[in-house]
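Architecture at a glance
So you can see what is in the structure, the chains are spelled out below.
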Amino acid sequence: MKKILITGGAGFIGSHVVRQFVLTYPDYQIINLDKLTYAGNLENLKDLEDAPNYSFVKGDICDAGFMNDLFLKHSFDGVIHLAAESHVDRSITNPMAFVETNVTGTVTLLNAFRAHCNIGQAIFYHISTDEVYGELSNEGKFTEETPYSPNSPYSASKAASDHFVRAYHETYGLNIKLSNCSNNYGSHHFPEKLIPLMINNILNGKPLPVYGKGENVRDWLYVEDHAKAIDLIYHQGRNGQTYNIGGNNEWKNLDLVKLLCQQMDQKIGNPEGTSIKTISYVTDRAGHDFRYAIDSSKLMNELGWKPSVTFEQGLSKTIDWYLTNKPWLDNVTSGAYQTYYDAMYK
Ligand code: NAD
Ligand code: TYD
């Protein structure tokens, strides 16, 4: 039986990756290690609690002693590393937390892997972001050859962790894979990010805070399609290689918020045009990257991946999930979230 460690499996993307692996590979043992920060939530994995091939361990990837014990106890065949601080706005307020988890945490994990896993056999797969490439103007797309040029403390920390993973491949011969993905959306997305924040605010009749003029562009990918890409790359991606993953689905923020308003008004029975009136232009994010767009042709041509849902389908499924899981939303937006929101959007 193969044993795979997934870090950050209680977060947004991690919970979808855990589900993808637990359900697709009953003969794998999946161990989910997560610190359960504000972004980690075991409710995201409630349906898997009793799965015989799944277990959860609470712990911090920065804790070298703990990581060593975990790697000693289990002989992992592979690690899929998603644990991270992931929100750009929080990285502007508190960069050090991003250095700690994303850089020190990744290196601590690499050290435990190097000390205890079968080098040259076991796989270390790092999940990263397209934001390491910096920003684009109206033209072009990021490829795997685009030079790194991160602009935010978040993307700088992810770029550093990518570099360490490659350095451990070159220096110590670790079997590694990397993927750099565009913006994800879908169920269980913490409402500090654009799409779930807007859904939550529309539901609560609160203003919809669009940064600057809303002209920045993001390439959106349905999270389950990301999880399927990770499955493919883990199993069939080449050692030492990077794969870009994107939705080929670019939206200006303002157009996306308007589409969300329309779909939400229809679904909750608001008169047409109700939510659009609550759009509020707020101070732009410092160092706001203008545009991200991914060229996924390497992944598509080499491994045959393609997104399975259109944006309209994915967005509709996402909104439906939030509408039927109001208690999840109410739970994660109580307490500390309110303090964050007030400080951020005052
Ligand atoms: P998230 O913030 O929803 O989840 C992060 C998870 O990591 C949480 O469960 C949290 O508890 C856990 N965690 C944080 N610090 C930890 C630590 N020190 N030890 C153990 N666990 C810890 O993030 P996400 O959006 O699901 O992103 C997951 C990964 O994918 C990140 O590495 C992120 O950089 C990358 N990524 C995200 C996107 C996106 O659109 N969200 C796109 C591309 C890549
Ligand atoms: P976000 O979901 O934070 O992802 P990222 O910054 O990693 O791309 O933001 C997506 C886009 O939406 C980004 O251009 C910033 C913008 N944005 C807003 O306009 N208002 C908001 O309240 C948030 C959270 C984001």
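Placed above this text is the structure.
Described below are features of the structure shown in this document. Everything numeric here is computed off the predicted structure, so don't read it as measured data.

Details of the sheet that holds strand E4 (residues 78-81)
Overall, parallel pairing links the seven strands, which are arranged E3-E2-E1-E4-E5-E6-E10 in an open sheet. Bordering the open sheet on either side are strand E3 (54-58) and strand E10 (241-245), each of which pairs with just one other strand. Sheet twist, expressed as the average angle between the axes of neighbouring strands with direction ignored, equals 20°. Summarising the sheet, E4 and strand E5 (residues 123-129) pair through four bridges and their orientation is parallel. Across the sheet, the residue bridging to Ile80 is Tyr125, located in E5. Across the sheet, helix H5 (residues 153-172) touches E5, strand E6 (175-181) and E10, and the angle it forms with E5 is around 155°.

Details of the site of ligand 1
In the vicinity of ligand 1 there are 29 residues, among which Ile13, Asp34, Ser86, Tyr154 and Lys158 approach most closely. Within the backbone of Leu36, an N or O atom sits 3.4 Å from an oxygen atom of ligand 1. The backbone of Thr37 places a nitrogen or oxygen atom 3.0 Å from an oxygen atom of ligand 1. Protein contact buries 97% of the 830 Å² of open area that ligand 1 shows by itself. Where the shell around ligand 1 is concerned, the elements lending two or more residues are helix H1 (12-24), E5, H5 and strand E7 (183-185). Classifying every residue of the shell around ligand 1 gives twelve nonpolar, 13 polar and four charged.

Looking at helix H10 (residues 311-324)
Taking 1.5 Å per residue as the helical rise, H10 with its 14 residues ought to reach 20 Å, and the 20 Å between its terminal C-alpha atoms agrees with that figure. Among all positions of H10, only Phe311, Gly314, Leu315, Thr318, Ile319, Trp321 and Tyr322 are buried. Axial view of H10: buried residues confined to an arc of 155°, hence all on one face. If you follow the buried residues of H10, they end up packed against E7, helix H6 (194-203), strand E9 (217-222), strand E11 (250-252), helix H8 (253-268) and helix H11 (326-332).

Looking at the site of ligand 2
As a matter of local geometry, ligand 2 sits amid 18 residues, with Glu131, Arg218, Arg285, His288 and Tyr345 nearest to it. For ligand 2, an oxygen atom lies 2.8 Å from a polar atom in the side chain of Asn183. Here an oxygen atom of ligand 2 and a side-chain polar atom of His288 are 2.7 Å apart. Its free accessible area being 510 Å², ligand 2 has 97% of it covered by the protein chains. Going through the elements one at a time, H6 and strand E8 (208-211) are the ones with two or more residues in the shell around ligand 2. The element best represented in the shell around ligand 2 is E8, accounting for three residues. Across the shell around ligand 2, the residue classes tally to eight nonpolar, five polar and five charged.

Topic: empty space enclosed by the protein
Enumeration over the complete set of coordinates arrives at two cavities of 30 Å³ or more. By volume, the second largest cavity amounts to about 40 Å³.

A closer look at the pattern of salt bridges
As enumerated under the stated definition, the model contains ten salt bridges in all. In this structure, the salt-bridge partner of Arg285 is Asp89, at a minimum N-O distance of 2.7 Å. One end of the pair, Arg285, is in the loop between strand E12 (279-282) and helix H9 (297-303); the other, Asp89, is in helix H3 (residues 88-93), and 196 residues separate them in sequence. Across this residue pair, the class does not change: Arg285 and Asp89 are buried. Sharing partners across several salt bridges, the network here consists of Arg90, Glu192 and Lys193.

Quick notes on the pairing of E10
A large share of E10 lies buried, amounting to four of its five residues. Pairing of E6 with E10 involves five bridges; the strand directions are parallel. By the bridge assignment for E10, Ser179 is matched with Tyr243.

A few points about the nonpolar core
Of all hydrophobic cores here, the largest spans 34 residues; its most connected members are Ile6, Phe21 and Ile80. Secondary-structure elements contributing two or more residues to this core are strand E1 (2-7), H1, strand E2 (28-34), E5, helix H7 (223-236), E10 and H9. Residue contributions to this core peak at seven residues, all from H7. With residues near it in sequence (within four places) discarded, Phe21 still touches Ile4, Ile6, Tyr28, Ile30, Ile80, Ile230, Asp231, Tyr234 and His235. Listed in part, the 33 residues of the second largest apolar core include Met198, Trp220, Trp251 and Tyr322.

A word on the state of the cysteines
This structure, assessed with the given rule, holds zero disulfides. A disulfide-free cysteine, Cys117 has its sulfur positioned 18 Å from the sulfur of Cys62, the nearest such atom.

Brief notes about the packing of helix H4 (residues 95-116) against H5
Each pair of packed helices gets described by two things: the angle between the helix axes and the distance between those axes. Relative to each other, H4 and H5 sit at 15°, their axes nearing to 8 Å. What the angle tells us is that H4 and H5 run roughly parallel. Crossing of H4 over H5 shows right-handed handedness. Residues Pro95, Phe98, Asn102, Val103, Thr106, Val107, Leu110, Asn111 and Arg114 of H4 form the contact with H5, whose own contacting residues are Pro153, Tyr154, Ser157, Lys158, Ala160, Ser161, Phe164, Val165, Tyr168 and Tyr172.

What counts as what
Residues numbered from 1 in each chain as written. Chains lettered and ligands numbered in written order. Predicted model: local features only at pLDDT ≥ 70, side-chain atom pairs only at ≥ 80, totals over all residues. Heavy atoms only, no water. Pairing = 2+ DSSP bridges. Helix = DSSP H or I, 4+ residues; strand = E, 2+ residues; numbered from the N terminus. Axes fitted to C-alpha atoms, helices over the stretch in contact; angles between N-to-C directions. Contact = heavy atoms within 4.5 Å. Near = heavy atom within 4 Å. Polar contact = N/O pair within 3.5 Å; in protein donor to acceptor, adjacent residues only side chain to side chain. Areas by Shrake-Rupley, 256 points an atom, 1.4 Å probe, with all protein chains shown as cover. Nonpolar A, V, L, I, M, F, W, Y, C, P; charged D, E, K, R; others polar. Expected span 1.5 Å × (residues − 1). Buried < 20%, exposed > 50% of the residue type's maximum accessible area, 1.4 Å probe, protein only. Arc of directions from axis to C-beta. 1 Å grid on protein atoms, 1.4 Å probe; cavity = no way out; pocket = protein on both sides within 12 Å on 5 of 7 lines; lining within 4 Å. Points joined across faces, edges and corners; volume = space filled by probe spheres on them. Salt bridge = Lys/Arg side-chain N within 4 Å of Asp/Glu carboxyl O. Core = buried A, V, L, I, M, F, W, Y, C linked by side-chain atoms within 4.5 Å. Disulfide = S-S within 2.5 Å. Parallel < 35°, antiparallel > 145°, perpendicular 65-115°, else oblique. Left-handed = near helix turned anticlockwise from the far one by under 90°.

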